[in-house]
Number of protein chains: 2
Amino acid sequence: MDPTEETLRKTLAEKQTAVTSQANIVRDLKASRADPSDLEAALLALQALKLEKTTIENQLQAAISGSTSNGVNKEVFRQTLVNTLERRLFYIPSFKIYRGVAGLYDYGPPGCAVKSNVLAFWRQHFVLEENMLEVDCPCVTPEVVLKASGHVEKFTDLMVKDEKTGTCYRADHLLKDFCKEKLEKDLSLPVEKVTELKHVLAVLDEFSAEELGSKIKEYGITAPDTKNSLSDPYPFNLMFQTSIGPSGLSPGYMRPETAQGIFVNFKDLYYYNGNKLPFAAAQIGQAFRNEISPRQGLLRVREFTLAEIEHFVDPDDKSHPRYGDVVDLEFLMFPREEQMSGQEAKRLRLGEAVSKGIVNNETLGYFIGRVYLFLTRLGIDKERLRFRQHLANEMAHYAADCWDAEIECSYGWIECVGIADRSAYDLRAHSDKSGVPLVAHEKFLEPREVEKLVIAPVKKELGLAFKGNQKMVVEALEAMDEKEAMEMKATLESKGEVEFQVCTLGKAVTIKSCMVSISKEKKKEHQRVFTPSVIEPSFGIGRIIYCLFEHSFYTRPSKGGDEQLNVFSFPPLVAPIKCTVFPLVQNQQYEEVAKQISKSLTAVGISHKIDITGTSIGKRYARTDELGVPFAITVDTTTTVTIRERDSKDQIRVPIEKVASIVKEVTDGQSTWGDVQWIYPTHSSISADE
Amino acid sequence: MDPTEETLRKTLAEKQTAVTSQANIVRDLKASRADPSDLEAALLALQALKLEKTTIENQLQAAISGSTSNGVNKEVFRQTLVNTLERRLFYIPSFKIYRGVAGLYDYGPPGCAVKSNVLAFWRQHFVLEENMLEVDCPCVTPEVVLKASGHVEKFTDLMVKDEKTGTCYRADHLLKDFCKEKLEKDLSLPVEKVTELKHVLAVLDEFSAEELGSKIKEYGITAPDTKNSLSDPYPFNLMFQTSIGPSGLSPGYMRPETAQGIFVNFKDLYYYNGNKLPFAAAQIGQAFRNEISPRQGLLRVREFTLAEIEHFVDPDDKSHPRYGDVVDLEFLMFPREEQMSGQEAKRLRLGEAVSKGIVNNETLGYFIGRVYLFLTRLGIDKERLRFRQHLANEMAHYAADCWDAEIECSYGWIECVGIADRSAYDLRAHSDKSGVPLVAHEKFLEPREVEKLVIAPVKKELGLAFKGNQKMVVEALEAMDEKEAMEMKATLESKGEVEFQVCTLGKAVTIKSCMVSISKEKKKEHQRVFTPSVIEPSFGIGRIIYCLFEHSFYTRPSKGGDEQLNVFSFPPLVAPIKCTVFPLVQNQQYEEVAKQISKSLTAVGISHKIDITGTSIGKRYARTDELGVPFAITVDTTTTVTIRERDSKDQIRVPIEKVASIVKEVTDGQSTWGDVQWIYPTHSSISADE
């Protein structure tokens, strides 16, 4: 707890005690009809105490909402932003005329253009520059695949139901809301209670169904809408289920991630890559999560675009050939240790984080660096981007290390990209379930001598002993790893027999010395066969775009100063429209020039908009600033025109035949606005932003 | 029926009769122990007749498979193509390690690149060049939307079930297969039967469930795998169903097309466009159809990418401002009349087809032209592309006109793009269901005097007569169109009352003169309010890509002549990889140059591949020809390199620093190979394609 808050809460409690006891004194004096001057003095003291209490209450309120006063600003900022986004059709609640569906949104024209620019840049930055193998797999996925991946069993959230209406809620959300509200609104909360609630908030992500249920009972939490009592929490699978084909006998799901499509293709992709490691496959596509009760606008939705990379690498060599390109990048990192000891994220050189072992390996480090470059080039603010390492209890048991690119927005720090070293887990799971080995080979230049475990079951003896179960016993014996086998060998040698658990039989059997021979033999090997590790950067495109909206949005006063104008400062790379073309006044000659410029822009593939309405030029600028259009071309002569840059509002004058190539250069990133400003004369106009 | 086939079938039947009667004569002669010389003569005659019969049988077989001998070549061609596509991972049956799912395919790396190039060009050609409003809506769609569109009720295929195993089949497919096989294999089929089966093949797409069922019974068709009897045909809805949210109370479907997402957004998009018509919205996205038993590889799948355009236009003015750009295009068209009279598709000038009224209106014509340009620029063969008009019975009742872009491939003529004038149907359907008016306004410069129908129900009288049903009667009266209302007015004036059907009540009621006043009044109107028509070009991207594979694929002998090499002649625009870089021999200097060229290619965004294996240059060419890579750069000095064009195998020699810009120019379509061949010296090398 914040020290100020703690002190104030304590002082407030003491003051409350003082007020109560002084009130008792006053009451006693009244009852005993004491001297009026004594009573008056006691009353004055009570009044003074009450005043002091109120002062402390105000201080406490201010301390609690220290974040909140900021929070209020955040709410206002977000509301202005969201209004602009919805009014200009960056996005729209889907099926709005039918009152919509929670968690489903459409991208309207400018949003759709931003999205397709972000995806095009993702392809350029990752797939093309890194020679990745891009694939495109269906969303409809048969059950067997998602059983192997663990999603059928484990991809769940805990849910409670209103016991009368049946309305469903996420159990952790209800508990979180309860704690937050209590902390903000109840000033008389004893310090121990405050500490408890804050602890619950910190750990509730790790609560089991039982723990969540008992807290909900303990705190008397009811359904928010009806105040009815709630069911016990139970898991709800977040996959949209469907049925493949007409028989109704083949269950399927809409994929919750795109990665599985890559894993099941590993064998073919490895072959396509000339049977060489490392290589990366990538996929962009829709994924689906049937959220229990979606909130937070574009951040928690039921259908979204993922862009995922699966980089397959030899577990014994996780170096990366292009690691040198990112080693000197410096940015905010938030390692496990800093989180556990209550410190802040700190600026680290990537090379240092890897060499000190904070980041598990070079390849993981390389992708952290590449993700940093990707996000900042899109326009994400460096100061509001950090890489947070997963705590040990957040990671799956098989994961070697895991970092999230978190972007700060009005909802807090939001996970937008996950970068995980998942070791061999996924390929092994699909190998086991499908029976198709998903492995890589390393051919030795010269054969190597290795000590190999040899387990030789004696089938005759096993057959006599176990009859019909023989096959399962043999398989279980052969599946022992080195440690198990050597322990069995030792026990057999000392005791002559051993109890042995056979999973497929669901019981233990007695193995005697005569039934199996276990030894280590030296062998020449020509190759090494192994399951590759996979390092997975996974991008939530919608979340990145929403954060980009927040980081790009600002307001500035109109020239008259009478209103605030909205601006999106998108870099040209992601701007939905690259430029607008305006004739300064309505006039056929200027319109002709505008059309001619429009044609030349289309020819070089620059998306743009002509506005020949008679609206004032200032209004037309304001309209397009609100769409984040970086450049405005104003036709005010028939030989040269002006180009205005959105954020500086600076203008240059250029010949008509140069316009398209200048805009293209600056938009493609071959030149900067500064470069072209240096070449062409500045244009200053009084009438400009009126 | 083909006249040759008909004659032969008749001759064969006569010959069979002759054989039978001659055989009878022989039997009689034997029975009567006739003169051996008579018997011998009769036997010789029988033998001669049998020989003649065999000859005719052979001729008939040849006549029937006239198309089929061609068909056999097609099968061989397709098998070679499909083997190449699967081996080089253009596409892969999805979830192959789990034995796949019928109708689901992945695009592997080169296929995925082709697809993303096709989509990028679609965006450039349609969205950017035509200033369309692109949107991006979710696949998960609530039931109410697809009820309004009619999909919940009508998006079905007829299915039969194996009565013992429950296996499902498409009823029309079984009947089609039966007829085709019978016609091909049963030479003794009487001519009338042949005519009948051919007729069934021609019309079975129009069969009702009852007609299909009775034909299946009549022909004794059984389940193909088990020969068990089949159920009656019944409709199966082709949408994948799911449930939105955790309650299980909100049914949803995976969208069967992307169009509905645009229609429900009409109001916002119209506003975004400044409340002006015409405008077009566009969407690229996944669509889903739970096919009963998918066949034909990539042509009939359960999940596919659609690119759809909805062009909204004033029904009274379907002109198009850019119609002039396409008016002189000439290509194969197959109007309704030519189809009905058994003629072939014919070459028509688009402007003529529109002016003669063969194509319903300019906007529809404009899009036909734009689709033609799109497909041919992708590499679709002009001679194997035709625009077929829908027959009257193929079109929905509301459609004004409809043309399919059909591409010929080894499966026949395949519908790849549908271009339909759907009139006001979709917007009206969603207006009705949602209660939100989806209309456009035309403001008059000056108010216009119009005669307006005024229907004024007299609520008091109606209330007395119909009590609780009054509201529905009032609504039905007000909903009458001009013709209905004027008829009612006339009847009321002549007879004093009239029977009136109220749909919402499901019965007729008696309306008396006192209950409603109907009149025409002159009014001043300031605007016209109307439901726009929509013209919808809808592109099956997967089908277009498959046809492109067929049209681009050819084989040529290797230099040694000992094997056939596969080539895809993709235009640079769609080629998955634009060029390869090979050092001629393994040598560090050349490798350095190759890497330098690779960097410069990446910088200008050209996808390419380095191959530094020691394989012979001829083999390396062959490998990349099979991926359709248009240009190969071979490093054979440290100052200049050669560029080889895939189809001509011509080579030019260029300075290293020019390579990237040359490849980019030719790939972007700013220059042709011919242009650069004219500038740079030809390189001829004996060792080239060895």
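Here the structure is a predicted model, which means the values were calculated and not measured.

Draft legend 1. Geometry of unusual backbone geometry. Residue and element names in this part refer to chain A. For the bond running from Leu-277 to Pro-278, omega is -10°, close enough to zero to count as cis. Turning to its location among the elements, Pro-278 is positioned in the loop between helix 11 (266-272) and strand 10 (279-288). Even without being a glycine, Lys-649 presents a positive backbone phi close to 60°. Among the secondary structure elements, Lys-649 is positioned in the loop between strand 27 (640-645) and strand 28 (651-655). Judged by its relative accessible area of 34%, Lys-649 is partly exposed.

Draft legend 2. Geometry of the relation of the copies chain A and chain B. Screw-axis analysis of chain A against chain B gives a translation of 0.1 Å along the axis, an RMSD of 0.5 Å, and a rotation angle of 179°. Read as a symmetry element, the transformation amounts to a two-fold axis. When C-alpha distances to the rotation axis are compared across chain A, the minimum falls at Thr242(A), with a value of 2.7 Å. A shared binding surface is used by both copies, with 100% of the interface residues of chain A retained as interface residues in chain B.

Draft legend 3. Layout of the domain arrangement of chain A. Here the domain parsing of chain A yields domain 1 (3-67), domain 2 (78-155 + 250-439 + 531-556), domain 3 (156-237), domain 4 (447-528) and domain 5 (577-679). Centre-to-centre, using C-alpha coordinates, domain 4 of chain A lies 78 Å away from domain 5 of chain A.

Draft legend 4. Molecular detail of the UniProt feature "domain: Aminoacyl-transfer RNA synthetases class-II family profile" (unreviewed entry) in chain A. Annotation from UniProt places "domain: Aminoacyl-transfer RNA synthetases class-II family profile" (unreviewed entry) at residues 80-557 of chain A. Between the end C-alpha atoms of residues 80-557 of chain A the distance is 15 Å, and the span holds 35% helix and 30% strand.

Draft legend 5. Structural detail: empty space enclosed by the protein. Taken as a whole and judged by the stated rule, the model has three cavities of 30 Å³ or more. Put simply, the largest cavity is a space of about 60 Å³. Forming the boundary of the largest cavity are Cys137(A), Pro138(A), Thr141(A), Leu146(A), Arg255(A), Glu257(A), Thr258(A), Gln260(A), Gly261(A) and Phe95(B). Residue classes in the lining of the largest cavity are distributed as four nonpolar, four polar and two charged. Estimated volume of the second largest cavity: approximately 50 Å³. What lines the second largest cavity is simply Phe95(A), Cys137(B), Pro138(B), Thr141(B), Arg255(B), Glu257(B), Thr258(B), Gln260(B) and Gly261(B).

Draft legend 6. Just the pairing of strand 16 (residues 412-421) of chain A, in detail. Residue and element names in this part refer to chain A. Within strand 16, eight of the 10 residues are buried, which leaves it mostly tucked inside the rest of the structure. Relative to strand 16, strand 15 (residues 401-409) runs antiparallel, the two being bridged by nine bridges. Opposite Ala-405, over in strand 16, you have Val-417 as the bridge partner. Connecting strand 15 to the next strand, strand 16, in antiparallel fashion are two residues.

Draft legend 7. Layout of the packing of helix 16 (residues 459-466) of chain A against helix 17 (residues 470-478) of chain A. Residue and element names in this part refer to chain A. At their nearest, the axes of helix 16 and helix 17 sit 9 Å apart, and the two run at 130° to each other. What the angle tells us is that helix 16 and helix 17 run oblique. Regarding helix 16 and helix 17, the two cross each other, and that crossing is right-handed. Here Lys-459, Leu-462, Gly-463 and Phe-466 of helix 16 lie close against helix 17, whose contacting residues are Gln-470, Val-473, Val-474 and Leu-477.

Draft legend 8. Main features of the sheet that holds strand 11 (residues 303-313) of chain A. Strand order in the open sheet formed by nine strands is 3-10-11-21-16-15-14-12-13 (chain A), and the pairing between neighbours is mixed. Only two strands of the sheet have a single partner each, and these edge strands are strand 3 (133-134) and strand 13 (346-349) of chain A.

Draft legend 9. Representation of helix 21 (residues 617-625) of chain B. Residues and elements named next belong to chain B. Among the nine residues that make up helix 21, seven are buried, leaving the element largely enclosed by the rest of the structure. Residues of helix 21 that are buried include every one of Ile-617, Gly-618, Arg-620, Tyr-621, Ala-622, Thr-624 and Asp-625, and no others. Lining the buried residues of helix 21 we find strand 22 (553-557), strand 23 (564-568), strand 24 (579-583), strand 26 (631-635), strand 27 (640-645) and strand 28 (651-655).

Draft legend 10. Just the sheet that holds strand 9 (residues 251-254) of chain B, in detail. Residue and element names in this part refer to chain B. One open sheet holds the three strands; their spatial order is 4-9-8, and the pairing between them is antiparallel. Each edge of the open sheet is held by one strand with a lone partner, namely strand 4 (140-142) and strand 8 (241-243). Strand-to-strand twist of the sheet, defined as the mean angle between neighbouring strand axes without regard to direction, takes the value 40°. Of the pairings in the sheet, the one linking strand 8 to strand 9 comprises three bridges and is antiparallel in character. By the bridge assignment, Gln-241 is partnered in strand 9 with Tyr-253.

Draft legend 11. Representation of the interface of chain A and chain B. Taken together, the contact between chain A and chain B spans 75 residues of the former and 75 residues of the latter. Together chain A and chain B conceal approximately 6100 Å² of surface at their shared face, both sides included; 66% is due to carbon and sulfur atoms. Its largest share of buried area at the contact with chain B, chain A owes to Ile97(A), Tyr98(A) and Tyr272(A), together 13% of the area lost on that side. One can count four salt bridges joining chain A with chain B.

Draft legend 12. Layout of helix 19 (residues 541-552) of chain B. Residues and elements named next belong to chain B. Relative to the 16 Å expected for 12 residues at 1.5 Å per residue, helix 19 spans 16 Å between its end C-alpha atoms, a close match to the ideal helical length. Where burial is concerned, most of helix 19 is hidden: 11 out of the 12 residues are buried. Among all positions of helix 19, only Ile-541, Gly-542, Ile-544, Ile-545, Tyr-546, Cys-547, Leu-548, Phe-549, Glu-550, His-551 and Ser-552 are buried.

Draft legend 13. Broad picture of the side chain of His173(B). The topology assignment puts His173(B) in helix 7 (residues 171-185). At 3.4 Å, the side chain of His173(B) forms a polar contact with the side chain of Arg295(B).

Draft legend 14. Layout of the packing of helix 7 of chain B against helix 8 (residues 191-203) of chain B. Residue and element names in this part refer to chain B. Where helix 7 meets helix 8, the closest approach of the two axes is 10 Å, and the angle between their N-to-C directions is 145°. Relative to helix 8, the crossing made by helix 7 is left-handed. For the pair formed by helix 7 and helix 8, the contact residues are Leu-175, Lys-176, Cys-179, Lys-180, Lys-182 and Leu-183 on the first element and Val-194, Leu-197, Lys-198, Val-200 and Leu-201 on the second. Looking at the contact of helix 7 with helix 8 residue by residue, the classes come out as seven nonpolar, no polar and four charged.

Calculation rules
- Along each chain, residues carry numbers from 1 onward, in the same order as the chain's sequence is written.
- Labels follow written order: the first chain is A, the first ligand is 1, and so on.
- Two thresholds apply to this predicted model, a pLDDT of at least 70 for residue-level local features and 80 or more for giving and counting side-chain atom pairs, whereas whole-chain, interface and lining totals are computed over all residues.
- Values shown for side chains rest on all heavy atoms present in the structure; no hydrogens or waters enter the calculation.
- Secondary structure counts use DSSP, requiring at least four H or I residues in a row for a helix and at least two E residues in a row for a strand, with both numbered from the N terminus.
- Burial classification: accessible surface area is computed with a 1.4 Å probe over protein chains only, and a residue below 20% of its type maximum counts as buried, one above 50% as exposed, and the rest as partly exposed.
- Residues reaching a pLDDT of at least 70 in both copies supply the C-alpha atoms on which the copies are superposed by least squares.
- The contact rule is simple, with two residues in contact once any of their heavy atoms fall within 4.5 Å.
- The domain limits used here are those given by an automatic or database domain assignment.
- UniProt positions are given in the numbering used here, feature names are shortened, and annotations may be inferred rather than shown by experiment.
- Two kinds of site are reported from a 1 Å grid over the protein atoms alone, namely cavities, where a 1.4 Å probe fits but cannot get out, and pockets, open sets with protein on both sides within 12 Å along at least five of seven lines, and residues are called lining when an atom falls within 4 Å of a point.
- Grid points are joined across faces, edges and corners, and a volume is the space filled by probe spheres set on the points.
- Amino acids outside the nonpolar list (Ala, Val, Leu, Ile, Met, Phe, Trp, Tyr, Cys, Pro) and the charged list (Asp, Glu, Lys, Arg) are all regarded as polar, and Gly is one of them.
- For two strands to count as paired, DSSP must find a minimum of two bridges between them.
- Where helices are involved, their axes are fitted lines through C-alpha atoms of the stretch in contact, as for all axes, and angles between N-to-C directions lie from 0 to 180°.
- The scheme is simple: roughly parallel for angles under 35 degrees, roughly antiparallel for over 145, roughly perpendicular for 65 to 115, oblique for anything else.
- A crossing counts as left-handed when the near helix is turned anticlockwise from the far one by less than a right angle, and as right-handed when that turn is clockwise.
- Each of two parts loses accessible area, computed with a 1.4 Å probe, when they are put together; buried area is these two losses added.
- Salt bridge, as used here: a side-chain nitrogen of Lys or Arg that lies within 4 Å of a carboxyl oxygen of Asp or Glu.
- A helix's residues, less one, multiplied by 1.5 Å, set its expected span.
- Counted as a polar contact is a pair of N or O atoms within 3.5 Å, where, for protein atoms, one must be capable of donating a hydrogen and the other of accepting one, and residues adjacent in sequence contribute only when both atoms are in side chains.

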